[in-house]
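Below are the chains, spelled out letter by letter.
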Amino acid sequence: MGKLQFVTTADGSKTLLHPTTGEHYHSMNGAVGESQHVFLESGLKFFLRHHPVNPVTILEVGFGTGLNFLLSAQFCQDERLGLQYTGIESNPLSPEIVGQSGYDEYVSKKTWDLFISGYEPAIQREMRFPNNILLEIVLQNASGYNSAKQFDILYFDAFSAGSQPEMWTEQVLSQVCRHLKVGGLFVTYAMNGNLKRNIKALGFSPEKIPGASGKREMLRATKMDSHSPWNR
Ligand SMILES: C[S@@+](CC[C@H](N)C(=O)[O-])C[C@H]1O[C@@H](n2cnc3c(N)ncnc32)[C@H](O)[C@@H]1O
């Protein structure tokens, strides 16, 4: 297998290129732009406007470089909000690779230093940072994730259905979505009929909304009460 390498995307931020699948970890139209649009703006900030919770709890499928955590942690620090973040990752990156992302440009030095010093320990146990920020990286295949924890928001950031179709099946979506609270929000960069059908079958109210640069649409979905008309 070749080596993972960083490449520069259209907004100047970097992403990783997977050597065997040829998949990028983020959109080539802008890695940071995509993360900000899909997960921060359409996910975290949207959720908080409707449910001003503190702390906010986030589950991410596909932790990778930690970009979505970094931007979320920076936002929560700026807003003086607590954050409890769990990232599931089946193929963790080495601290050396994570340190070469260049994402320090997009967060404060304090946030970056905390992340870099806490990344490896967070793989062994929950890491508590100042300002009530907690990070846990769970090393396993998301299809077997089973926890007593319930989350407000689910960032679904698996590789595309073209290279990882199994991740987008009702079965895997059901396994991860059962960790979302009723009223919780599911966001992902992708949108297609199959995904919409699968998420609807799991009792979500799906919305097709504008996607990040270069993508017409993305999916945001709210988990409905089991008595909701959406489930009939
Ligand atoms: C599109 S990249 C995500 C990028 C990541 N969120 C970031 O900002 O760097 C997909 C990630 O999902 C991980 N992954 C792939 N299959 C997985 C699985 N079955 N369970 C958990 N993680 C998986 C990959 O190793 C990769 O890190």
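Right above here is the structure, for reference.
Conventions adopted
- Residues numbered from 1 in each chain as written.
- Predicted model: local features only at pLDDT ≥ 70, side-chain atom pairs only at ≥ 80, totals over all residues.
- Near = placed C-beta within 6 Å.
- Helix = DSSP H or I, 4+ residues; strand = E, 2+ residues; numbered from the N terminus.
- Nonpolar A, V, L, I, M, F, W, Y, C, P; charged D, E, K, R; others polar.
- Pairing = 2+ DSSP bridges.
- Axes fitted to C-alpha atoms, helices over the stretch in contact; angles between N-to-C directions.
- Buried ≥ 20, exposed ≤ 12 C-beta atoms within 10 Å, placed from the backbone.
- Expected span 1.5 Å × (residues − 1).
- Bend = angle between axes of the 7 residues up to and from the residue.
- Contact = placed C-beta atoms within 7 Å.
- Core = buried A, V, L, I, M, F, W, Y, C linked by C-beta atoms within 7 Å.

Engineer: What is the right way to look at the site of the ligand in this model?
Structural biologist: Lining the immediate surroundings of the ligand are 20 residues, of which G62, G64, T65, L67 and A142 lie closest. Every element with two or more residues in the shell around the ligand is listed here: α2 (67-78) and β4 (83-89). In terms of residue class, the shell around the ligand is built from nine nonpolar, nine polar and two charged.

Engineer: Got a minute to help me understand the sheet that holds strand β7 (residues 151-156) in this structure?
Structural biologist: Strand-to-strand pairing in sheets goes through backbone hydrogen bonds, with the strands running parallel or antiparallel. With respect to topology, eight strands assemble into an open sheet ordered β5-β6-β4-β3-β7-β8-β10-β9, the strand pairing being mixed. Because the sheet does not close on itself, it has two edges, and the strands there are β5 (127-129) and β9 (204-210). The sheet shows a mean angle of 20° between the axes of neighbouring strands, direction not considered. The pairing of β7 with strand β8 (residues 180-188) spans five bridges and is parallel.

Engineer: Just to check I follow, could you spell out unusual backbone geometry for this structure?
Structural biologist: Among all residues save glycine, negative phi is the norm, and among peptide bonds the norm is trans. With omega at 5°, the peptide bond leading from N54 into P55 counts as cis. Inspection of the secondary structure assignment puts P55 in the loop between α1 (31-50) and β3 (56-61). Within the chain, N131 stands out as a residue other than glycine whose phi angle is a positive 65°. With respect to the helices, strands and loops of the structure, N131 is situated in the loop between β5 and β6 (133-139). For N131, a count of 14 C-beta atoms within 10 Å translates into the label partly exposed.

Engineer: Explain helix α4 (residues 109-124) to me, please; I cannot follow it from the model alone.
Structural biologist: Every α-helix carries 3.6 residues per turn, so stepping three or four residues along brings you back to the same face. For α4, with 16 residues, the first-to-last C-alpha span of 24 Å sits near the 22 Å given by 1.5 Å per residue. Where α4 bends most, at G118, the angle is about 45°, and the proline P121 comes one to four residues later. When we look at burial in α4, the residues that qualify are T111, L114, F115, Y119 and A122. Considering only its buried residues, α4 is in contact with α2, α3 (95-99), β5 and β6.

Engineer: Explain the nonpolar core to me, please; I cannot follow it from the model alone.
Structural biologist: Within soluble globular proteins, side chains that are nonpolar tend to cluster in buried spots. In terms of nonpolar packing, the biggest core is built from 58 residues, with I58, L70, I153, L154, F186 and I199 touching the most fellow members. If one sorts the elements of this core by residue count, α2 sits on top with seven residues.

Engineer: Help me out: how do you make sense of the pairing of strand β1 (residues 5-8) in this one?
Structural biologist: Regular strands place their side chains on alternate faces of the sheet. In this sheet, strand β2 (residues 14-17) lies alongside β1 in antiparallel orientation, the contact comprising four bridges. Paired with F6 across the strands is L16, a residue of β2. Joining the antiparallel neighbours β1 and β2 is a turn of five residues, in which G12 adopts a positive phi near 95°.

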